[in-house]
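Structural characterization, general
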Amino acid sequence: MSGQLLSSKVVIVEEEPKVRGIPSAPTSVAGAVGITERGPIGEAVLCTSFDDFQTKFGGFTPDSDLALAAMGFFENGGAQLWVVRTAHYSNVADPATATAVRAAGFLVAGGGSTPGILRGAAPGPFVLHDGNVVRLAVDGAPEVDAVFLGSPAAMAAGGAGPYALADGMELLLRVDNGLEQTVLFSAADFADIANATATEVAAAINAVIVGGRATTPGGIVRLASDTEGTTSRIQVTGGTANAVLAFPGAASVGGGNVANLRAVEVAEVKSVVEAAIPSVTVDASVGGVLDVRTVATGPGASVQANPATAAAFGLDNALHTGAASGTANAVRVEGKDPGAYANRVEAEVRAATNGSASAFDLLVVEDGAYRETFPNLSMNPGDARYVETIVNDARTGSVYVRVIDQLLAGAPVPPQQTVALAGGGDGLVGLDDADFIGSEPTKTGLRALDQVQELSLLLVPGRATPAVHNAMVRYCEVERDGAVFAVLDPPANQSAMDIVTYVATTAALEQLSEFGAIYWPRVKVLNPAKSVLGSADQIVVPPSGIVAGVFARTDSAHPGGVYDPPAGIEAGRMFGVLGFETDEVLEENKRDLVYPHRINPLTTGPGLPRYIDGSRTLKGDGNFPYVAERRGVIFIERSLKQGLQFARHKNNTEGLRAQVRRTITAFLLAQMNNGAFRSREPAKAFFVDVSEQLNTPTVIFAGKLIARVGLATNKPAEFIILRISQDTRALEAELAAAGA
């Protein structure tokens, strides 16, 4: 009915509420980046339980810090974990360069002409040298070379020796993006350290450096990585000695067309050979050996390797020809995701359950156990049960494999057979910090979490390096506008002094940001997979997953749980923790050493559970220096940002500003009652100012509405001080009675 007052009527008009409700933002949605057994690479996937994680990302591997962190997260109360699997990228700005490879195999069927097939005898990865070739003659054409190239990263000092060093000078360097290494120059190692020769300097470096070497061509000290290929890197990161040696500060990068000549993957061989010799295809066959096939088929198709081909590939020198008819590859079966996990998978073909001669059953076997069955599949693309349609369905298809129809003439049905998948690789060779940090334009690494708007916690389990830790903090505070909190792991094998040095100097985390906290030491848990992680009953794991789970449990314990410090013998209990990597943390004097540097200890005591014994962020001189304080303010800010969307684009009147003030006040009153502030009196707990003094005509004409909010946040009782003295009240009373 029209609301126009044209004829006599009763018109009902609903007024806009003077106070808007503000929904609460989530506080414990975690995001984690790391290595998993399987799963999509560079894509954020939500897991709501550890069983869900295992379904999507597999189980434990020797590199499964992320799987162990996920287990600890859910065991301690976590409910939502967005997981990003990473691998090594030849170029982190290009997701297509991820070096993880799908395992593959072929179901064969009788049919038309076949290609020439040349199979290797040695499995990858292959140990090569710069300039090694695959030299092939294909289909009777002249031989063509596919050349493998790789050079090490190298850099030279600013000039020739002698070098005016001094006793105690240091040179800091990093090889292949590994941990920073320190070379200490001692006068005892030189005839005259003030006139150090290039040979003496190189010897001092070579006595310490791991993964690289120093040489002295032309009397100039030259540093080089032992790795030859695109993942090779060397960088001098500092040290007093570099003022004398004058190495460049920028990292030097290796060259070539493979990541590492000493470990060339089948996928890299495929890329190099197919680019140089497009008349063949290269894949992995059973056992990870090369399978080289001609694109052409029939008796005229042939392939032959010249003896000049690198012996590492195990290719013979016989002529391999195709045939007019025979079995041919009918269906390519490959891992659903890249990874070595599918090297344990087999595809088995059986006669169709429905008895049809034009159909077949496909079974997926892992480690000898039948995992999946897809009955009555067809090779006809028009059928409802076409093999690609059924097996590759995103919701009901296989979680282990995907299939690709090779479109043979006549669409022959594969006969009964079992094919083992091979050639899969996890892409961990050359893995470096950049693979975890990622690239913003291409959404790799941390930046894959950009799409998760409700993200509130960030962890990168097991990658405890200065570059990754600084990138995590920057991501939380800058890229996510202070809406996310980073939980940092300590590096492995850190004593109290070691972790202080790491936080204060090596990674320079101390006083860096309120949007992160670091916990020490790593913790011991029950070994969940002795066949994978070794025979020990307990293993050491990074604590970030467990700590994030404690955060989630505290948040959900009651309304306003986010304002409670996730620490102490009650809120800070860690389930599943059986011990600590170092018992130094049990000593009060060691905790006294680390806590002033804003390192939160994980500890226990007689009759106490294992618990989090600290709630400090990395920065102590900011607005909100404690974990619960900072996370509580993040929650309030995110909730207000979402709840005040209604005010955008409305006329900036006194009425709108009053509505904004009332809406914020109502929300903060509710938070006050939930324990957010130091007082239960509104005037002492917070203030909201949307006055004309803030919203002057100049501000209003600029299209702005400004509200100022002050919060009297809670502070934790870190130190309990008991003042104990002799009870002298009776004596004092007696003296008083005596007039003394």
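Below: a short report on this structure. The numbers attached to residues start from 1 for each chain and follow its sequence in the written order. Under the rules for a predicted model, residues below a pLDDT of 70 receive no local features and side-chain atom pairs below 80 are neither given nor counted, while totals for whole chains, interfaces and linings still include all residues. Derived side-chain values reflect all non-hydrogen atoms in the structure, with water molecules and hydrogen atoms excluded from consideration.

Notes on the layout of surface pockets
Using only the protein atoms, space was sampled on a 1 Å grid; points where a 1.4 Å probe fits but cannot get out form cavities, open sets with protein on both sides within 12 Å along at least five of seven lines form pockets, and lining residues are those with an atom within 4 Å of a point. Grid points are joined across faces, edges and corners, and a volume is the space filled by probe spheres set on the points. Counted as a void, the largest pocket has a volume near 900 Å³. Considering the residues around the largest pocket, the lining is formed by 40 residues, among which Lys270, Thr281, Val282, Asp283 and Arg332 are closest to the centre. Counting from the N terminus, the helices are DSSP H or I runs at least four residues long and the strands are E runs at least two residues long. For the lining of the largest pocket, the element with the most residues is helix 5 (residues 266-276), which contributes six residues. The residue makeup of the lining of the largest pocket, split by class, is 18 nonpolar, 14 polar and eight charged. Of the voids in this model, the second largest pocket is the one considered here, and its volume is about 690 Å³. If you trace the second largest pocket, you find 23 residues lining it, with Gly568, Asp613, Ala717, Glu718 and Phe719 closest to the centre. Breaking the lining of the second largest pocket down by element, the ones donating at least two residues are helix 12 (588-594) and strand 33 (611-612). The leading source of residues in the lining of the second largest pocket is helix 12, at three residues. Each residue is assigned to one of three groups, with Ala, Val, Leu, Ile, Met, Phe, Trp, Tyr, Cys and Pro labelled nonpolar, Asp, Glu, Lys and Arg labelled charged, and all others, Gly among them, labelled polar. Here the lining of the second largest pocket is composed, by residue class, of 13 nonpolar, three polar and seven charged.

Regarding unusual backbone geometry
Cis geometry marks the peptide bond from Gly124 to Pro125, where omega comes out at 0 degrees. Examined against the element boundaries, Pro125 turns out to sit in the loop between strand 5 (117-119) and strand 6 (133-138). The peptide bond linking Trp520 to Pro521 adopts the cis configuration, its omega dihedral lying at 0 degrees. Mapped onto the elements, Pro521 comes out in the loop between strand 28 (516-520) and strand 29 (523-526). Here Arg598, not a glycine, exhibits a phi torsion of approximately 65 degrees, which is positive. With respect to the helices and strands, the residue Arg598 is situated in the loop between helix 12 and strand 32 (599-603).

Focus on the packing of helix 13 (residues 627-643) against helix 14 (residues 654-673)
Closest axis-to-axis distance for the helix 13/helix 14 pair is 11 Å, and the angle between their directions is 150 degrees. Helix 13 and helix 14 meet at a crossing whose hand is right-handed. In this structure, helix 13 uses Phe635, Ile636, Ser639 and Leu640 to contact helix 14, whose residues at the interface are Ile664, Phe667, Leu668 and Gln671. Of the residues in the contact of helix 13 with helix 14, the class split is six nonpolar, two polar and no charged. Axis geometry follows a simple rule: fit a line to the C-alpha atoms, using only the stretch in contact for helices, then measure angles between N-to-C directions, giving values from 0 to 180 degrees. Crossings are sorted by hand: turned counterclockwise from the far helix by less than a right angle, the near helix makes the crossing left-handed, and turned clockwise it makes it right-handed. Contact criterion: two residues are considered in contact whenever any of their non-hydrogen atoms come within 4.5 Å of each other.

Let's talk about the sheet that holds strand 3 (residues 80-85)
With respect to topology, eight strands assemble into an open sheet ordered 2-3-1-26-27-28-32-33, the strand pairing being mixed. Each having just a single partner strand, strand 2 (44-47) and strand 33 make up the two edges of the open sheet. Here three bridges tie strand 27 (residues 485-488) to strand 28, and the two strands are oriented parallel to one another. In the sheet register, Val487 faces strand 28, and the bridge partner there is Ala517. Contacts from helix 1 (residues 50-57) reach strand 2 and strand 3 within the one sheet, and its direction differs from that of strand 2 by about 145 degrees. The criterion for strand pairing is that DSSP finds at least two bridges linking the strands in question.

A word on the pairing of strand 32
With a 1.4 Å probe rolled over the protein chains alone, any residue whose accessible area is under 20% of its type maximum counts as buried; one over 50% counts as exposed, and the rest are partly exposed. Across the five residues that make up strand 32, a large majority, five, are buried. Here strand 28 pairs with strand 32 via three bridges, running parallel. Looking at the pairing, Ile518 lines up with Ile599 of strand 32. One ladder, built from two bridges, connects strand 32 with strand 33; its direction is antiparallel. Bridging across to strand 33, Leu602 finds its partner in Ile612.

Observations regarding the packing of aromatic side chains
Aromatic contacts are taken between Phe, Tyr and Trp rings whose centres are within 6.5 Å, Trp giving its six-membered ring; a plane angle under 30 degrees counts as stacked, one over 60 as edge-to-face, and the others as tilted. Tallied over the entire structure, the rule returns 12 aromatic pairs. Here Phe148 and Phe313 contribute two aromatic rings whose centre-to-centre distance is 5.6 Å and whose plane-to-plane angle is 45 degrees, an arrangement assigned as tilted. With Phe148 in the loop between strand 7 (144-147) and strand 8 (150-156) and Phe313 in the loop between strand 18 (302-305) and strand 19 (320-321), this residue pair connects regions lying 165 residues apart in the sequence. With a centroid separation of 6.2 Å and an interplanar angle of 45 degrees, the aromatic rings of Phe635 and Phe667 are classed as tilted. One end of the pair, Phe635, is in helix 13; the other, Phe667, is in helix 14, with 32 residues separating them in the sequence.

Examining helix 11 (residues 544-556)
Residues three or four positions apart in an α-helix share a direction because the helix packs 3.6 residues into each turn. By this rule the span expected of a helix is its residue count minus one, scaled by 1.5 Å. Between its first and last C-alpha, helix 11 extends 18 Å over 13 residues, near the 18 Å set by a 1.5 Å rise per residue. Summarising burial for helix 11: 12 of the 13 residues are buried, a large majority. All of the buried residues in helix 11 are Ser544, Gly545, Ile546, Val547, Ala548, Gly549, Val550, Phe551, Ala552, Arg553, Thr554 and Asp555.

Observations regarding the sheet that holds strand 9 (residues 170-175)
Overall, antiparallel pairing links the four strands, which are arranged 10-9-13-14 in an open sheet. Since the sheet does not close on itself, it has two edges, and those belong to strand 10 (181-184) and strand 14 (252-253), each with one partner. Both strand 13 (residues 233-238) and strand 14 contribute to a ladder of two bridges, which runs antiparallel. Opposite Ile234, over in strand 14, you have Ser252 as the bridge partner.

Things to note about the pattern of salt bridges
Criterion for a salt bridge: a side-chain nitrogen of Lys or Arg within 4 Å of a carboxyl oxygen of Asp or Glu. Scanning the model with the defined rule gives 33 salt bridges in all. Ionic pairing is found between Glu681 and Lys684, a salt bridge with its closest N-O pair at 3.8 Å. Taking the relative accessible area as the measure of exposure, Lys684 reaches 56% and is therefore exposed. Taken together, the salt bridges that share partners define one network made up of Arg102, Lys270, Glu274, Asp283, Arg332, Glu334 and Arg402.

Side note on helix 8 (residues 466-479)
In this model, helix 8 (14 residues) spans 18 Å end to end at C-alpha, consistent with the 20 Å of a helix rising 1.5 Å per residue. Along helix 8, the positions that sit buried rather than exposed are Pro466, Val468, His469, Ala471, Met472, Val473, Tyr475 and Cys476. Just downstream of helix 8 lies Asp481, where phi reads positive at about 55 degrees.

Considerations on the side chain of Asn527
Residue position: Asn527 is located in the loop between strand 29 and helix 10 (530-533). As used in this structure description, the phrase polar contact means that two N or O atoms lie within 3.5 Å; if the pair is within protein, one of them must be able to donate a hydrogen and the other to accept it, and residues adjacent in sequence are counted only when both atoms belong to side chains. Engagement of the side chain of Asn527 in a polar contact is seen with the backbone nitrogen of Ala529, the distance being 3.0 Å. Of note is the side chain of Asn527, whose polar atom sits 2.8 Å from the backbone oxygen of Gly534.

Notes on the nonpolar core
Phe53, Leu449, Ile518 and Tyr519 are the most contacted members of the largest nonpolar core, which totals 78 residues. The element contributing the most residues to this core is helix 2 (residues 65-75), with seven residues. Not counting the four nearest positions on each side in its chain, Phe53 is found in contact with Thr36, Cys47, Gly58, Leu66, Ala67, Ala70 and Val83. Core analysis: the next-biggest nonpolar cluster, separate from the first, contains 28 residues, Leu171, Leu173, Ala196 and Ile234 among them. As used in this record, nonpolar core signifies buried Ala, Val, Leu, Ile, Met, Phe, Trp, Tyr and Cys residues forming a set joined through side-chain atoms within 4.5 Å.

Things to note about a nonpolar patch on the surface
Nonpolar side chains (Val, Leu, Ile, Met, Phe, Trp, Tyr) are joined into patches within 5 Å and like charges within 9 Å, using only residues with over 30% relative accessible area and no salt bridge. Surface exposure here means Shrake-Rupley accessible area, sampled with a 1.4 Å probe, where a residue is shielded only by the protein chains that are shown. Residues Leu5, Val11 and Val13 make up a contiguous nonpolar surface patch of about 310 Å² in total accessible area. Note that Val13 resides in the segment before strand 1 (29-34). Here Val13 falls in the exposed class, since its relative accessible area comes to 66%.

Digging into the environment of Leu578
With respect to the helices and strands, the residue Leu578 is situated in strand 31 (residues 577-580). Judged by its relative accessible area of 35%, Leu578 is partly exposed. In the structure, Leu578 is positioned 283 residues away from Val295 in sequence and 58 Å away in space, judged by C-alpha atoms. In this structure, Leu578 is in contact with Lys524, Val525, Leu526, Gln538 and Arg610, ignoring residues within four places of it in sequence.

Structural notes on empty space enclosed by the protein
Tallying each qualifying case throughout the model produces three cavities of 30 Å³ or more. Of the voids in this model, the largest cavity is the one considered here, and its volume is about 70 Å³. Lining the largest cavity, in full, are Pro26, Thr27, Ser456, Ala483, Phe485, Val562, Arg631, Ile634, Phe635 and Arg638. Tallying contributions element by element places helix 13 first for the lining of the largest cavity, with four residues. Classifying every residue of the lining of the largest cavity by side-chain character gives six nonpolar, two polar and two charged. In this model, the second largest cavity occupies a volume close to 50 Å³. Lining the second largest cavity are Thr99, Ala259, Asn260, Ala263, Glu265, Glu268, Gly427 and Val429. Across the lining of the second largest cavity, the residue classes break down as three nonpolar, three polar and two charged.

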